[in-house]
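Structural overview for review
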Amino acid sequence: MPHRIAAKGYTSVVLVLNMKRFVAGQAAQKRFETVRGSREFAEALQHDWTRSLPQPARFHPLNDSDMTVEDVGFATGVFRSLLLDRHTAPTYLLDKEKVKFSSGLESNFQFKTLFKRAWDRWEISIRPTMTGFFIIRLIYRYQQSPRTVIDLAKDAIKLQEPLDVPSAVRWLKYNRERYETQPEKLAEKERSVKELLAWLGADVENPQDSETLYYPVQWKLAVEALNLFVADGRFQIPHKDGNIELRPCPPHYSLPLHDSYIVYHFDELLAEPGVIDRAKRGTAKAGVKVPVSLNKIRQSNRLRNAIVSLLEGTVLRDPNKPDEELDANGYFPSPRWSHADALFTDQEMNMASWSDELCLFTARTALIMPSKKWRNYEMAVSTVPSATLKVQYARYWEAIERMIEFVLEVRVLVQLIESDSYRLLAQIANTIEEMRADMFDGDIVIEGELKEQMAQAAHLRRMAALAQSVSHPPFWGRAEYAVQKAERLFGLLDVPRILKHVNRNIESINSVADHVDELYIADLSEKSNDKATVLSLGLAAVSFIVTLLALPSFWYDLAGLNDEWWQHETLYNLVFFTGTFLGISVVIAAIVLSANALRRRDTRRMMRHLFNQDR
């Protein structure tokens, strides 16, 4: 049945990749985290990066008309001016005619059948964002020749197919055993496989030790295009501590395995007459397909089932058929009737505003089918304060697809913040635990790395605030029909729940930061007490020394006085014993006070606090 239903249009696969992978050096990567979402970064993307590309360039800004897709979104109420000013950067299209691969790679079987086939079929465009990501969009167009819905699902599956490193390793081992006595023949056989392994970042000499086991084609496409883009531009990001430079990502780096999002844009849906109307089964010519209206989809269970199966993306194949026939066979499973019926009965399923449109969202795929009748009409919106008479209705849906990209960017941003906040919280907890271990020994030690962690926490709170803002569609969208679509997609992508996790982590970090402030105050108090103790010891020592020196002099001077001074012996004895008692009491008191002070304080720690000015 899926082979009897086809469509004209195009398929888009949206990938989001962290720009940090292309920043060279750990120090530069730390600085990069502080410029995410900044105004300076946005201005550099909007103006400087375009001028950095050499001419003639393999990448050129994508602008089909005087109005960019963001301008169309502003004119039709999808975006506010805030998004145009802060969150918009040029989109660059790759001219694949200017990209050449080595002959060794071109001759490799896996490269030809997996990577090169996708490379030639899919358009590749790249858009950097001020939140520190690259948005890669792969587009496969079938607007002239219709493509069956089962083939559309297979196209997406082929992008997920991995480049098989273990298979290449086995092939190397087989050839080395087979051509052990023919080194020239062996070198010829190994050349393409070794180039493939080196291109994938595997260890060519010891490929069996390579950790690169799963390398999906779509992410290799993205990384390969981005490496070309970064190599051509040699882009820089302004920073107060020195510009941040981007460099191509080495192939041995771990491959990103983030989720991708697929958007099916149908200009027209076609089906054999027997699929649309049971009465016409067997009467129409086989293979002939006719256009299908949205009302016909509502009436046909088979059409609704095909759409639901395409959105789910599951394809069943017969394993008993020969390998060469696997591409020729494929079947959609039968979805539950309730799922198919909900396409039009559930208001949250079809987010289109008009009765002859279709706009379906799931967590991984979307299907857009604009009205064919109004395709070339100009679109005006009375509730939006802007002139929109020169905007074609068909371009409005391009703006909706741009909105989908922005929602996906926000989803990856909040996921990144959630991961970073959890990791930072764990690091701070470990540092605090080490500090507490010293506290039990009577010593409060503020670790030097805690200062850096608190600085990271400050930047993380800034990014969390940015994520909160951009995850609220009315903040950057104007018209309610666009806001509702964005809210629906945010909900399907579970962004509100992730934001709750982020807020909880940030609150925990804030709580720890408050505790650090308390420890810092306690540390200052401890240092002050230690210094006061040392001062007291110094005064006691001075008193002790002065008294010891003065007491013998007192006795000597007292004995040297004439008898005329003393009218009575009793007076002499009174002065002698009183002075001696007081002197000895001062000495004993100094000794006792010094002993008690030393017993109550850690002498080594006290000296460290007194003389270590860096603490």
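Parameters at a glance
Residues numbered from 1 in each chain as written. Predicted model: local features only at pLDDT ≥ 70, side-chain atom pairs only at ≥ 80, totals over all residues. Heavy atoms only, no water. Helix = DSSP H or I, 4+ residues; strand = E, 2+ residues; numbered from the N terminus. Buried < 20%, exposed > 50% of the residue type's maximum accessible area, 1.4 Å probe, protein only. Contact = heavy atoms within 4.5 Å. Areas by Shrake-Rupley, 256 points an atom, 1.4 Å probe, with all protein chains shown as cover. Arc of directions from axis to C-beta. Phe/Tyr/Trp six-rings, centres within 6.5 Å; stacked < 30°, edge-to-face > 60°. Lys NZ or Arg CZ within 6 Å of the ring centre and 35° of its normal. Core = buried A, V, L, I, M, F, W, Y, C linked by side-chain atoms within 4.5 Å. 1 Å grid on protein atoms, 1.4 Å probe; cavity = no way out; pocket = protein on both sides within 12 Å on 5 of 7 lines; lining within 4 Å. Points joined across faces, edges and corners; volume = space filled by probe spheres on them. Nonpolar A, V, L, I, M, F, W, Y, C, P; charged D, E, K, R; others polar. Pairing = 2+ DSSP bridges. Expected span 1.5 Å × (residues − 1). Bend = angle between axes of the 7 residues up to and from the residue. Lys, Arg positive; Asp, Glu negative; His and termini not counted. Salt bridge = Lys/Arg side-chain N within 4 Å of Asp/Glu carboxyl O. Polar contact = N/O pair within 3.5 Å; in protein donor to acceptor, adjacent residues only side chain to side chain.

**Side note on the overall build of the chain**
- For the chain, the helix and strand inventory stands at 21 helices and eleven strands.
- Here the chain holds 615 residues, and 47% of them are scored as buried.
- A sequence separation of at least 24 residues applies to 75% of the contacts in the chain between residues at least 6 apart.
- Of the roughly 31,700 Å² of accessible surface on the chain, a fraction of 53% belongs to carbon and sulfur atoms.

**A few points about helix H14 (residues 337-345)**
- Here H14 has its buried residues at Ala-340, Ala-342 and Leu-343. Looking straight down H14, one finds its buried side chains confined to an arc of 155°; they lie on one side. Turned more than 90 degrees off the buried face of H14, the exposed positions are Trp-337 and Thr-345.
- Here the buried face of H14 lies against helix H13 (301-312) and strand S10 (358-361).

**Details of the packing of aromatic side chains**
- With the rule as written, the count across this model stands at 25 aromatic pairs.
- Taking the centre distance of 4.2 Å and the plane angle of 10° together, the rings of Trp-49 and Phe-235 count as stacked. Here the residue Trp-49 occupies a position in helix H2 (residues 39-52), and Phe-235 occupies one in the loop between helix H10 (217-233) and strand S6 (236-237), the gap between them amounting to 186 residues. Across the pair, Phe-235 and Trp-49 agree in class, each one buried.
- When the ring of Trp-374 is compared with that of Tyr-377, the centres are 5.2 Å apart and the planes differ by 85°; the resulting orientation is edge-to-face.
- For Trp-374, a relative accessible area of 28% translates into the label partly exposed.
- Here Arg-121 stacks its cationic end above the ring of Tyr-140, 5.0 Å away from the centre of that ring.
- Directly above the ring of Tyr-10 sits Arg-141, whose terminal nitrogen or CZ lies 5.3 Å from the centroid.

**Observations regarding the nonpolar core**
- Ranked by size, the top nonpolar core spans 97 residues in total, and within it Trp-49, Phe-134, Ile-136, Phe-266 and Leu-367 carry the most contacts.
- Counting residues per element, this core draws most heavily on H10, at ten residues.
- Residue contacts for Leu-367: discarding those within four places in its chain leaves Tyr-264, Phe-266, Ile-307, Leu-310, Leu-311, Leu-358, Cys-359 and Leu-360.

**Some points on the environment of Ser-192**
- Assignment of secondary structure puts Ser-192 in helix H9 (residues 183-200).
- Measuring from C-alpha to C-alpha, the distance between Ser-192 and Asn-108 comes to 5.3 Å, with 84 residues separating the pair along the chain.
- Among residues more than four places away in sequence, those in contact with Ser-192 are Gly-104, Ser-107 and Asn-108.

**Overview of the layout of surface pockets**
- When its volume is computed, the largest pocket comes out at roughly 1,100 Å³.
- Forming the boundary of the largest pocket are 34 residues, of which Lys-20, Gln-29, Lys-30, Glu-33 and Gln-456 lie nearest the centre.
- If you list the elements that add at least two residues to the lining of the largest pocket, you get helix H1 (26-35), helix H15 (393-439) and helix H16 (448-470).
- Sort the elements by how many residues they give to the lining of the largest pocket and H15 lands first, with nine residues.
- When the residues that make up the lining of the largest pocket are grouped by side-chain class, the tally is ten nonpolar, twelve polar and twelve charged.

**Description of empty space enclosed by the protein**
- Applying the stated criterion across every chain yields a total of two cavities of 30 Å³ or more.
- By volume, the largest cavity amounts to about 80 Å³.
- Lining the largest cavity, in full, are Leu-114, Arg-117, Ala-118, Arg-121, Trp-122, Asp-155, Lys-158 and Leu-159.
- When the residues that make up the lining of the largest cavity are grouped by side-chain class, the tally is four nonpolar, no polar and four charged.
- Considered as a void within the structure, the second largest cavity measures approximately 40 Å³ in volume.
- The biggest single contributor to the lining of the second largest cavity is H15, with three residues.

**What about the pairing of strand S5 (residues 133-148)?**
- Sheet topology places strand S1 (residues 5-18) next to S5; twelve bridges connect them, and they run antiparallel. The residue bridging Leu-15 from the neighbouring strand is Ile-136, located in S5.
- Bridge count between strand S4 (residues 123-128) and S5: six bridges; the pairing is antiparallel. Looking across to S5, one finds that Pro-128 is bridged to Phe-134.
- Between S4 and the antiparallel strand that follows it, S5, lie four residues; Gly-132 among them carries a positive phi value of about 90°.

**Focus on H2**
- With 14 residues, H2 extends 19 Å from end C-alpha to end C-alpha; this agrees with the ideal 20 Å at 1.5 Å per step.
- The largest bend in H2 is about 40°, located at Leu-45.

**Let's talk about the pairing of S4**
- The buried fraction of S4 amounts to five of the six residues, a majority that puts the element mostly inside the structure.
- In this sheet, S4 lies alongside strand S3 (residues 92-94) in antiparallel orientation, the contact comprising two bridges. Bridge pairing links Tyr-92 to Ile-126 in S4.

**Quick notes on unusual backbone geometry**
- Following Gln-55, the chain continues to Pro-56 via a peptide bond in cis, the omega torsion being -5°.
- Secondary-structure assignment places Pro-56 in the loop between H2 and strand S2 (59-61).
- Positive phi, close to 45°, is recorded for Arg-234, a residue that is not glycine.
- Considering the arrangement of structural elements, one finds Arg-234 in the loop between H10 and S6.
- One non-glycine residue, Asp-494, lies in the positive phi region at around 65°.
- Here Asp-494 is to be found in the loop between helix H18 (480-492) and helix H19 (495-559).
- Judged by relative accessible area, which is 33%, Asp-494 ranks as partly exposed.

**Focus on the side chain of Glu-357**
- Along the polypeptide, Glu-357 turns up in the loop between H14 and S10.
- Here Glu-357 sits buried without a salt bridge, and the closest side chain of opposite charge, Lys-485, lies 6.0 Å off (N-O distance).
- A distance of 3.4 Å separates a polar atom in the side chain of Glu-357 from the backbone nitrogen of Ser-353.
- Within polar-contact distance, the side chain of Glu-357 engages the side chain of Tyr-393 at 2.6 Å.

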